[in-house]
Each structure stands twice: as structure tokens, then as C-alpha cells.
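Examination of the molecular architecture
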Amino acid sequence: MSANILASVIRYIPEFIAIGTLVALLFAEASFKENAKGRYLVQLLAVIGLLICLIALALNLDEPGATIFTNALVIDPFSTFIKIIMVTGTIGTIYLSFLSEDIYGNLKSEFCIMSIGVLIGGMLLASANNMLTMYLGVETLSVLSYVLATMKKRDDRSAEAGLKYVLYGGLTSGIMLFGISHIFGTLGTIQFVELASKLAHVDSFQIAILSVSFILFFAGIGYKIACAPFHMWAPDVYEGAPIPVTTFFAIVPKMAGMAALARISLTIFSGE
């Protein structure tokens, strides 16, 4: 058992590096003076941590796929490639935030911290191997995204963007969780691979329940990637949020949501 846990921890090192960077930034932001030099040091620490995470991901790119933490997560070249894109996008948006006037000077450090928090949720979502882990990834990613959308505090449009994001996000998360509960109640499992095998032996009554349940489930994923008809929030939120935040939303949450959608489709509905 301890050997399995150790093997799982070794395969999850890039995510632990991101988490360690987030914790280090929290202490650094509380320690440094609130001036340009202090904010620069926080930014530098964030970029260094993310670069180390990027290197760790690149080293794992050729590793064979494996499930870790009792099949809750899967680490394979596909998820690793998606994470590389997300980490690279986060580094770029952190750099953009320190050049942009849309992020107030005293909030630039907070942007670094929250963007890495969203990144951690996106990395969890990209590796999710069951519905519960996927839901945790969606929520981790979403909660901090709501705050990011309202970072331009003196702009009414930014406050409106955050409010709409919260309302739509809370509603779709509840709908998705409702669908997951019915899928589990019908099939008795939340593991993607087991769902694929059990879907081949359902009767007509179960099909009727599962059809509605999967629609509710995919509503949450559709919301995260802003695909029709779950895209209503996107124009107002993207217009009201600061430009670096909009850029960040266009990369990390979208890549994480599309990775989850691809994994679910390929695993559950193709039986692979």
C-alpha cells in the first residue's frame, strides 16, 4: 500500500510543485512590502515555480500512462501535454498582468496567487479519472475564477462580470452534480472505465434515466468551455474582466474543460 502511494506521489510531482509554489507565494506576499519591488519578487517567484513545474511535466511527457491514487487520477501523455499548455499560458498571463494597467498595482501579487490556484484545479481536471475528481477539479478551478473576474474593483462592468460568472457557475455546478448523483445511483460507479463497461448492459428504463443524467452532467463541462448553448455568460464576463484575466480564461479553463470532455468521450462512449 505504501509503495503504491509513493509511486502515485512520484507521478504527481508537477502538481505538487504547483501547490508548493502557491503556498510559497502566500507566505511571500505576506512578507514582502507592498511596493513595486515586492510585487516583482512575487512575480519572479511565481515564474520560477511554474518553470520548474513545466520542466517536470516535460520530463513526464514520454512516460507511459498510469492511474494513481486508487484510480482517481490518470497520468498519460495526453493529460501531460494539456498541462504543459496550461502552465505555459499561466506564465504568459502573469507576465501580461504586470504590464497591464487593468490589474491594479496592489492586486498584481494576488493575481499570481489566484491564477496558480486556478491552474491547479485545471491540472486536476485534466487528469480526472472519475466523476468526483472531475467535479472537484471544476469547483477548484471555478471558485477562484469568480474572484479573478472582479479584480477591476472600481469598474462596474467587472463587478457585473463576477456576479454573472458566480450565478451561472453555481447553477451549472449544481446541475452537473445532480446528474452525477443519478448516474451513480443507476450504474453504481463513478469511475469512467467502469461506466463504459456497465453502459453496455443497461435496460430501456435505465437508458431513459441515464439520457437525462448525462445531459445534466455535460452541462457543467459545456459551461466551462463556453460551448453552445452554455455560452451565454462568456460575452459579458470576458468584456467586464480585466484583459489579463480574459486572456487567462481563454487558455486554462478552456483547455482543462476540453481535456475532460475528450477523456470522458473516449473512455465512456468508446470503451477505451
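Worth saying up front: this structure is predicted, and the values here are computed from it rather than measured. (Residues numbered from 1 in each chain as written. Predicted model: local features only at pLDDT ≥ 70, side-chain atom pairs only at ≥ 80, totals over all residues. Heavy atoms only, no water.)

Concerning the overall build of the chain
- Helices and strands together make up the secondary structure of the chain, namely 12 helices and 2 strands.
- When the helices and strands of the chain are read in sequence order from the N terminus, they spell out α-α-α-β-β-α-α-α-α-α-α-α-α-α.
- Computed over C-alpha atoms, the radius of gyration of the chain comes to 19 Å, within 12% of the 19 Å expected from 2.2 N^0.38 for 272 residues, which places it in the range of a compact globule.
- Dimensions of the chain, computed from the C-alpha atoms along their principal axes, are close to 65 × 45 × 25 Å.
- Here the chain, with 272 residues, has 50% of them falling under the buried criterion.
- Taking the intrachain contacts of the chain between residues at least 6 apart in sequence as the baseline, contacts between residues at least 24 apart amount to 75%.
- Surface accessibility of the chain: about 12400 Å² in total, with carbon and sulfur atoms responsible for 70%. (Helix = DSSP H or I, 4+ residues; strand = E, 2+ residues; numbered from the N terminus. Rg over C-alpha atoms; globule rule 2.2 N^0.38 Å. Buried < 20%, exposed > 50% of the residue type's maximum accessible area, 1.4 Å probe, protein only. Contact = heavy atoms within 4.5 Å. Areas by Shrake-Rupley, 256 points an atom, 1.4 Å probe, with all protein chains shown as cover.)

A short note on the nonpolar core
- Met-86, Met-131, Met-134, Leu-148 and Phe-217 are the most contacted members of the largest nonpolar core, which has 65 residues in total.
- Counting residues per element, this core draws most heavily on helix H5 (residues 108–126), which supplies 11 residues.
- In this view, Met-86 contacts Leu-119, Gly-122, Met-123, Ala-126, Val-252, Met-255 and Ala-256; residues no more than four positions away in its chain are not counted.
- Membership of the second largest hydrophobic core comes to 6 residues, among which are Tyr-12, Ile-68, Leu-73 and Leu-124. (Core = buried A, V, L, I, M, F, W, Y, C linked by side-chain atoms within 4.5 Å.)

Focus: the pattern of salt bridges
- The tally for this structure, following the rule as stated, stands at 5 salt bridges.
- The partner of Glu-15 in a salt bridge is Lys-83, with the nearest N and O atoms 2.4 Å apart. With Glu-15 in helix H2 (residues 13–31) and Lys-83 in helix H4 (residues 77–99), this residue pair connects regions lying 68 residues apart in the sequence. Each member of the pair, Glu-15 as well as Lys-83, is classed as buried. (Salt bridge = Lys/Arg side-chain N within 4 Å of Asp/Glu carboxyl O.)

Describing H5
- Over its 19 residues, H5 extends 27 Å from the first C-alpha to the last, a length consistent with the 27 Å expected when each residue adds 1.5 Å.
- In terms of residue burial, H5 counts as a mostly covered element, since 18 of its 19 residues are buried. (Expected span 1.5 Å × (residues − 1).)

Some words on the packing of H5 against helix H6 (residues 131–149)
- Viewed as axis vectors pointing N to C, H5 and H6 meet at an angle of 160°, and their least axial separation amounts to 7 Å. The orientation of H5 with respect to H6, classified from their angle, is roughly antiparallel. Here the hand of the crossing between H5 and H6 comes out left-handed. Contact residues: H5 offers Phe-111, Met-114, Ser-115, Gly-117, Val-118, Gly-121, Gly-122, Leu-124 and Leu-125, while H6 offers Thr-133, Met-134, Leu-136, Gly-137, Val-138, Thr-140, Leu-141, Leu-144, Ser-145, Val-147 and Leu-148.
- Taken together, the residues of the contact of H5 with H6 break down into 12 nonpolar, 8 polar and no charged. (Axes fitted to C-alpha atoms, helices over the stretch in contact; angles between N-to-C directions. Parallel < 35°, antiparallel > 145°, perpendicular 65-115°, else oblique. Left-handed = near helix turned anticlockwise from the far one by under 90°. Nonpolar A, V, L, I, M, F, W, Y, C, P; charged D, E, K, R; others polar.)

Some details on the environment of Met-176
- For Met-176, the position within the fold is in helix H7 (residues 156–187).
- Using a relative accessible area of 0% as the deciding quantity, one classes Met-176 as buried.
- With 103 residues separating them along the chain, Met-176 and Leu-73 place their C-alpha atoms 19 Å apart.
- Residues in contact with Met-176, not counting those within four places in the same chain, are Met-134, Tyr-135, Val-138, Leu-216, Phe-217, Gly-220 and Ile-221.

Some points on the layout of surface pockets
- Its boundaries defined by the atoms lining it, the largest pocket holds a volume of some 230 Å³.
- Among the elements of the structure, helix H8 (192–199) and helix H12 (252–268) are those that each provide at least two residues to the lining of the largest pocket.
- No other element matches the 4 residues that H12 contributes to the lining of the largest pocket.
- Tallied by class, residues from the lining of the largest pocket come to 5 nonpolar, 5 polar and 4 charged. (1 Å grid on protein atoms, 1.4 Å probe; cavity = no way out; pocket = protein on both sides within 12 Å on 5 of 7 lines; lining within 4 Å. Points joined across faces, edges and corners; volume = space filled by probe spheres on them.)

Digging into unusual backbone geometry
- In this structure, Thr-70 takes a positive phi of about 50° despite not being glycine.
- By the element assignment, Thr-70 lies in the loop between strand S1 (66–68) and strand S2 (73–75).
- By relative accessible area, which is 70% here, Thr-70 ends up exposed.
- Its identity as a non-glycine residue notwithstanding, Asn-71 has a phi of 65°, on the positive side.
- Turning to its location among the elements, Asn-71 is positioned in the loop between S1 and S2.
- Owing to a relative accessible area of 38%, Asn-71 belongs among the partly exposed residues under this scheme.

So yeah, pure geometry; function would need other evidence.
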